[in-house]
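What the coordinates show
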Amino acid sequence: MAEKLLTKVASLLGTLRETTVLPLECDGVKLFAKIEGHNPVGSLKDRPALWILHQAIKRGEIHDKTVLIESSSGNFAVALAFYARQLGLEFIPVIDPNTTEAYESLLRRLCPSVVKVTEPDDMGGFLKARLQKLRELRESIHDSYWTNQYGNMDAVGAHYRFTGEEICSAFSELHYVFVGVSTGATIAGISRRVKEAFPNARIIAVDAQGSVIFGGAPGPRHIAGIGASVRSKLVDEAKIDDVVLVSEVETVRACRELLTRHGLLVGGSSGSCYAAVKKLLPRMRSTSRPSVLFVCADRGISYADTIFNDAWTSRLGA
């Protein structure tokens, strides 16, 4: 049975394809967006979700009766739900009110059980509350496996092996890379690979106001996929040159500009990265048309009721 499961997950790895690097018009720089929404399930979380499962099955840590559990506000849970379904494994996601209605509905269709925490933690977010619920699940389920996107080095390896490698193969020169930060796995994997190929490239971490990842004051956040109320140890694995904090109002405006100006329907962390690019444009323009890349983590359709909804964004002051 273990061999059968390994064969299945190895076959699924073959569905991962190189995602598009799209040039965008921008005065003074050569700007590119890496469109991770082109992954099979729709986000950059496809890669770590599938790679973590592959490695754990290969090591014998996941069997056909193992129950997968994870804390996620959206993309990682959806990717795990899809791949668990393909592998015939049960998956229980732990979500919170920042999970969009679209994602929650999808998870409830794919998973026999979904656990939703509703009370914020002492940092104003939900991550600590989700992790506490996760600990309770681990104690109550005999054969469970926590994929642990906040501390699993296989998640870093996925972005080094796939996302980072694709970025390096797409460029002959690269000066700036903007990556949204939440669990830290994406920026850790990308930065390690990019620095090998382009040692002078500057890696810019993009975080949300209200997130504590880089020592900012904790505060409420409403847009999923970027920022955290607990700093992941995977952030320490990243090679970061600078950090840019972006407000949720800036994120909303940037997402809408990407749609109306560039025809890109992308999600919150993508807009945050684009907003960060705009903030650093004066500095970047001081050199001769540098090559600048920002990562678009997912599609924007799941944010139709939030970022692209005037009634919702008016509550943020956007």
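Residues numbered from 1 in each chain as written. Predicted model: local features only at pLDDT ≥ 70, side-chain atom pairs only at ≥ 80, totals over all residues. Heavy atoms only, no water.

Looking at an unreviewed UniProt entry, one finds the protein named CysK1 protein, with Sorangium cellulosum as its source organism. The UniProt entry for the protein carries the following text under Subunit (unreviewed entry): "Homodimer." In its Cofactor (unreviewed entry) section, UniProt records this for the protein: "pyridoxal 5'-phosphate". (UniProt positions renumbered as here; feature names shortened; annotations may be inferred.)

**Considering the packing of aromatic side chains**
By the definition in use, this model includes four aromatic pairs. Ring plane angle 85° and centroid distance 5.1 Å describe the contact between Phe-32 and Phe-171, whose orientation is recorded as edge-to-face. Linking Phe-32 in strand β2 (residues 30-35) with Phe-171 in the loop between α6 (153-170) and β7 (176-180), this pair joins segments that are 139 residues apart in sequence. The same class applies to Phe-32 as to Phe-171, namely buried. (Phe/Tyr/Trp six-rings, centres within 6.5 Å; stacked < 30°, edge-to-face > 60°. Helix = DSSP H or I, 4+ residues; strand = E, 2+ residues; numbered from the N terminus. Buried < 20%, exposed > 50% of the residue type's maximum accessible area, 1.4 Å probe, protein only.)

**Let's talk about the sheet that holds strand β5 (residues 115-116)**
If you trace the four strands from one edge of the open sheet to the other, you get β5-β4-β3-β6, paired in parallel fashion. The open sheet is flanked by β5 and β6 (144-146), the only strands paired with a single partner. Inspection of the sheet shows strand β3 (residues 67-71) paired to strand β4 (residues 90-95) by five bridges, in the parallel sense. Paired with Val-67 across the two strands is Glu-90, which belongs to β4. Of the strands in this sheet, β3 and β4 touch helix α3 (residues 75-87), which is tilted by about 170° from β4. Lying on the sheet, helix α5 (residues 127-140) is in contact with β3, β4, β5 and β6; it crosses β3 at an angle near 160°. (Pairing = 2+ DSSP bridges. Contact = heavy atoms within 4.5 Å. Axes fitted to C-alpha atoms, helices over the stretch in contact; angles between N-to-C directions.)

**Observations regarding unusual backbone geometry**
Even without being glycine, Asn-148 reaches a positive phi, approximately 50°. Along the polypeptide, Asn-148 turns up in the loop between β6 and α6. Judged by its relative accessible area of 18%, Asn-148 is buried. In this structure, Arg-289 takes a positive phi of about 40° despite not being glycine. Checked against the element boundaries, Arg-289 lands in the loop between α9 (268-284) and β10 (291-296). Judged by relative accessible area, Arg-289 falls into the partly exposed class, the value being 43%.

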